Amino acid sequence: MTAPETAAATEPKARAVLIPVTMFSQNCTLLWCAETLHAAVVDPGGDLQLIRDAIAKTGVTVTKILITHGHIDHAAEALSLAEELGVPIEGPHRADQFLLDSLPVAGLKYGIMGARAFEPQRWLEEGDRVEVGQLHFDVLHCPGHSPGSVAFINKDEGFGLVGDVLFRGSVGRSDLEGGSHETLMASIRDKLLPLGDDFSFICGHGPTSTIGHEKMTNPYVAEILR
Ligand SMILES: [Zn+2]
Ligand SMILES: [Zn+2]
């Protein structure tokens, strides 16, 4: 089946499937460029077989692993997958190094046996750019849930991945080590809300949303806007 030519010009280049992993139903995301079929696995926290299945089903070539932050449900099995696929890990921000170092300890606590400490090939900072095939993602450093949380923003297509910073109807918890509710709210106000009402985003847990939807319905965001 061939798509009509007029539609082809506007067809989105970015594709994504969500793969809920671990007991925390964390949205590991297989993200790829439709032109090149080059892909990134974002936040492979665990359940690698589900991730392998998704890669095989879509037929994409994974070229890197991206990490939004160092919590166990997002990062525990990143190193194992990176070694298996022979790809580098990019992110999170260096401020989450202490979380990556303590992944084995957290693994024991939560019964995630494959948890391994690692240092990514590339730490990410505000203003950095990450490429996946022909897709470009701007990096926003959004501390508060964890000190080194980052968001990946694709301005061309008006969507991004925000990890555990902002959820549909809620925000990330700030009671974990290195968390700060005030800092988290500042990250949302100064970095995410300016992306505009139509901007849609994949959250670390639960359904996707848009900035506009959260402005209308999210009580935490309402507090900022008051
Ligand atoms: Zn988290
Ligand atoms: Zn999480």
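Just so it is clear, the model here is predicted, and its values are computed rather than measured. (Residues numbered from 1 in each chain as written. Chains lettered and ligands numbered in written order. Predicted model: local features only at pLDDT ≥ 70, side-chain atom pairs only at ≥ 80, totals over all residues. Heavy atoms only, no water.)

Asker: Looking at this structure, I do not really get the overall build of the protein. What am I missing?
Answerer: Secondary structure assignment for the protein yields 9 helices and 13 strands. Rg of the C-alpha trace for the protein: 17 Å, near the compact-globule value of 17 Å for 226 residues, within the 12% margin. Each principal axis of the C-alpha atoms in the protein carries an extent, and together these give about 50 × 45 × 30 Å. Among the 226 residues that make up the protein, the fraction classed as buried is 49%. Within the protein, contacts between residues separated by at least 24 positions form 60% of all contacts whose residues are at least 6 apart in sequence. Roughly 10,200 Å² of accessible area belongs to the protein as shown, and the carbon and sulfur atoms make up 52% of that amount. Taking the average location of the 17 positive side-chain charges in the protein and that of its 30 negative ones, the two points are 2 Å from each other. (Helix = DSSP H or I, 4+ residues; strand = E, 2+ residues; numbered from the N terminus. Rg over C-alpha atoms; globule rule 2.2 N^0.38 Å. Buried < 20%, exposed > 50% of the residue type's maximum accessible area, 1.4 Å probe, protein only. Contact = heavy atoms within 4.5 Å. Areas by Shrake-Rupley, 256 points an atom, 1.4 Å probe, with all protein chains shown as cover. Lys, Arg positive; Asp, Glu negative; His and termini not counted. Charge placed at Lys NZ, Arg CZ, Asp CG, Glu CD.)

Asker: Even after reading the chapter, I still don't get the coordination of the zinc ion (ligand 2), so can you show me in this structure?
Answerer: Note on metal geometry: ideal angles are 109.5 degrees for four donors arranged tetrahedrally and 90 or 180 degrees for six donors arranged octahedrally. Taken together, Asp73 (OD), His74 (NE2), Asp164 (OD) and His205 (NE2) make up the full set of protein donors to the zinc ion (ligand 2), lying 2.1 to 2.4 Å away. Around the zinc ion (ligand 2), the 4 donor atoms sit at angles spanning 87 to 158 degrees, and that spread fits a shape best called irregular. The sequence motif formed by the donor residues of the zinc ion (ligand 2) is D-H-x89-D-x40-H. Between the zinc ion (ligand 2) and the zinc ion (ligand 1), a spacing of 3.4 Å is present, and a bridge between the two is formed by Asp164. Of the two residues, Asp73 sits in helix H3 (residues 72–75) while His205 sits in the loop between strand E12 (200–202) and strand E13 (209–210), which places them 132 residues apart along the sequence. Both residues of the pair, Asp73 and His205, belong to the buried class. (Donors = N, O, S within 2.8 Å, 3.2 Å for Na, K, Ca; no water. Tetrahedral: all angles 85-135°; square planar, octahedral: opposite > 155°, others 65-115°.)

Asker: Whenever I open this one, empty space enclosed by the protein confuses me. Can you help?
Answerer: Within this structure, the stated rule accounts for 1 cavity of 30 Å³ or more. Along its surface, the largest cavity is lined by Gln26, Asn27, Thr29, Val42, Asp43, Thr68, Leu161, Gly163, Ile202, Cys203 and Gly204. The element contributing the most residues to the lining of the largest cavity is strand E2 (residues 26–33), with 3 residues. Among the residues forming the lining of the largest cavity, the class breakdown is 4 nonpolar, 6 polar and 1 charged. (1 Å grid on protein atoms, 1.4 Å probe; cavity = no way out; pocket = protein on both sides within 12 Å on 5 of 7 lines; lining within 4 Å. Points joined across faces, edges and corners; volume = space filled by probe spheres on them. Nonpolar A, V, L, I, M, F, W, Y, C, P; charged D, E, K, R; others polar.)

Asker: What is the right way to look at a nonpolar patch on the surface in this model?
Answerer: A cluster of nonpolar side chains, Met23, Phe24 and Tyr110, forms an exposed patch at the surface whose accessible area comes to about 290 Å². In this fold, Met23 is placed in the loop between strand E1 (14–21) and E2. On the basis of relative accessible area, Met23 is assigned to the exposed category, the value being 55%. (Patch = residues over 30% accessible without salt bridge, like charges linked within 9 Å, V, L, I, M, F, W, Y side chains within 5 Å. Salt bridge = Lys/Arg side-chain N within 4 Å of Asp/Glu carboxyl O.)

Asker: Mind showing me how you'd approach the layout of surface pockets here?
Answerer: To find the voids left in a structure, one rolls a probe of water-molecule size over its atoms. Approximately 530 Å³ is the volume attributed to the largest pocket. Around the largest pocket, the lining comprises 21 residues; the ones closest to its centre are His71, Ile72, Asp73, Tyr110 and Leu176. Elements supplying a minimum of two residues to the lining of the largest pocket: H3, helix H5 (97–101) and helix H6 (103–110). Looking at the lining of the largest pocket, the element that brings in the most residues is H6, giving 5 residues. Here the lining of the largest pocket is built from residues that sort into 10 nonpolar, 6 polar and 5 charged.

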